[in-house]
Amino acid sequence: MNAPVSARGLFRATGKKSKPVAIRDLEGNIVKVDALEREENEFYPTPVDPIRSIIHAEMDRLRDFPAIWGPACGTGVIGRELRTHGFRTFDSDLIDRGCGAEIKSFYDFKEAPARAMLENPPFAECGWGNGKARWLYHALETLDIEYMGLLMNWGFPGAGGLAPFWAKYPPARVYLMRWKIDFTGQGAPPMLNGWFIWDKAWKGETVLRMLDRKDARQGEMDL
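What you see is a predicted model, and the numbers here were worked out from it, not measured in a lab.

### What about the overall build of the protein?
Next, step 1: Scanning the protein from N- to C-terminus turns up eight helices and 10 strands.
Next, step 2: Considering only residue pairs separated by 6 or more positions, the protein has 68% of its internal contacts joining residues 24 or more positions apart.
Next, step 3: For the protein, the computed accessible surface area is about 11800 Å², with 52% contributed by carbon and sulfur atoms.

### Observations regarding the confidence of the model for the protein
Next, step 1: Per-residue confidence for the protein averages 82 on the pLDDT scale, and 75% of its residues sit at or above 70.
Next, step 2: In the predicted structure, residues 1-18 sits below a pLDDT of 50 and forms 34 contacts with residues beyond four places in sequence or in another chain.
Next, step 3: Counting contacts from residues 21-31, a segment whose pLDDT is below 50, to residues more than four positions away or on other chains yields 23 contacts.

### Considering the pairing of strand β6 (residues 116-119)
Next, step 1: Neither face of β6 is exposed, since A116 and L118 on one face and M117 and E119 on the opposite face are all buried.
Next, step 2: Where strand β3 (residues 68-70) and β6 come together, two bridges link them in parallel fashion. Following the sheet pairing, I68 is matched in β6 by A116.
Next, step 3: One ladder, built from four bridges, connects β6 with strand β7 (residues 147-153); its direction is parallel. Counterpart to E119 in the pairing with β7 is L150.

### Some remarks on the packing of helix α2 (residues 48-57) against helix α4 (residues 77-84)
Next, step 1: Relative to each other, α2 and α4 sit at 45°, their axes nearing to 10 Å. Judged on the interaxial angle alone, α4 and α2 are oblique. Between α2 and α4 lies a crossing whose hand is right-handed. Facing V48, I51, R52 and I55 of α2, the residues of α4 in contact are V77, I78, E81 and L82.
Next, step 2: By residue class, the composition of the contact of α2 with α4 is six nonpolar, no polar and two charged.

### With respect to the sheet that holds strand β5 (residues 102-103)
Next, step 1: Here eight strands make up an open sheet; going across it, the order is β5-β4-β3-β6-β7-β9-β8-β10 and the pairing mixed. Each edge of the open sheet is held by one strand with a lone partner, namely β5 and β10 (207-211).
Next, step 2: Sheet contacts for α4: β3, β4 (89-93) and β6; angle to β4, the most-contacted strand, approximately 175°.
Next, step 3: Across the face of the sheet, helix α6 (residues 134-142) comes into contact with β6, β7 and β9 (192-199) while running at roughly 170° to β7.

### Quick look at the packing of aromatic side chains
Next, step 1: Per the counting criterion, the structure on display carries 17 aromatic pairs.
Next, step 2: Where W166 meets F196, the ring centres are 6.3 Å apart and the plane angle is 50°; that geometry is what we call tilted. Remark: F196 occurs in strand β9 and W166 occurs in helix α7 (residues 163-168); sequence separation between them is 30 residues. Per residue, the accessibility class of W166 equals that of F196, and both read buried.
Next, step 3: By way of ring pairs, the aromatic residues Y137, W154, F156, F165, W166, Y169, F196 and W198 are connected into one cluster.
Next, step 4: When the ring centre of F109 is taken as origin, the NZ or CZ atom of K104, which lies over that ring, is 4.3 Å away.

### What about the environment of T75?
Next, step 1: Following the sequence through the fold, T75 ends up in the loop between β3 and α4.
Next, step 2: You can call T75 partly exposed: its relative accessible area is 29%.

### A word on the environment of Y169
Next, step 1: With respect to the element layout, Y169 can be found in the loop between α7 and β8 (173-180).
Next, step 2: With 29 residues separating them along the chain, Y169 and W198 place their C-alpha atoms 7.8 Å apart.
Next, step 3: Excluding residues that lie within four positions of it along the chain, Y169 makes contacts with Y137, L140, E141 and W198.
Next, step 4: Engagement of the side chain of Y169 in a polar contact is seen with the side chain of E141, the distance being 2.9 Å.

Calculation rules
Residues numbered from 1 in each chain as written. Predicted model: local features only at pLDDT ≥ 70, side-chain atom pairs only at ≥ 80, totals over all residues. Heavy atoms only, no water. Helix = DSSP H or I, 4+ residues; strand = E, 2+ residues; numbered from the N terminus. Contact = heavy atoms within 4.5 Å. Areas by Shrake-Rupley, 256 points an atom, 1.4 Å probe, with all protein chains shown as cover. pLDDT = per-residue confidence, 0-100. Buried < 20%, exposed > 50% of the residue type's maximum accessible area, 1.4 Å probe, protein only. Pairing = 2+ DSSP bridges. Axes fitted to C-alpha atoms, helices over the stretch in contact; angles between N-to-C directions. Parallel < 35°, antiparallel > 145°, perpendicular 65-115°, else oblique. Left-handed = near helix turned anticlockwise from the far one by under 90°. Nonpolar A, V, L, I, M, F, W, Y, C, P; charged D, E, K, R; others polar. Phe/Tyr/Trp six-rings, centres within 6.5 Å; stacked < 30°, edge-to-face > 60°. Lys NZ or Arg CZ within 6 Å of the ring centre and 35° of its normal. Polar contact = N/O pair within 3.5 Å; in protein donor to acceptor, adjacent residues only side chain to side chain.

Quick look at the structure:
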């Protein structure tokens, strides 16, 4: 699961210096560093707040599926939240992180183990510059996924080269999360995120909705 690349290359190209960012050190103090450290294998676990928010928002539609697939499950946090709320899941990942997932590359699946997917995917492979939207095309064309919910950077639709993809596969619903997710635990969330939902049962224009970090309904999900 990927975070966006550092802007240091851009600043280097323009002759400008990137601004330090504030992070929380191991003793809990706020300190300034040149840039956030990147995790090995681009692994950024998803906090529970954005998971619970989308489960609640899409609960009725998710219940239409006998199982939900997490193909880049990491430590399995999305699957655990789904199972807690009554859903059957199938977890897989390229790397064994101890959650009992099937260890298999997403691209080695020629048939989907479930018709629905909910995931925080590798950002780079959903964009254009590095991945050429490889993840998206594999899911929607090769695997013919019926329902796909992906947690993405809010700026993701603006990635250069994705215009043909958006024209062919507009999402059914997009949920803007009105808070910044701290994927790294370093205390400096850099961006807004959203859940992008592709749903073949949907007919019509893309619907934009908002998600709050906490509301009365999510309080019922603190099990």
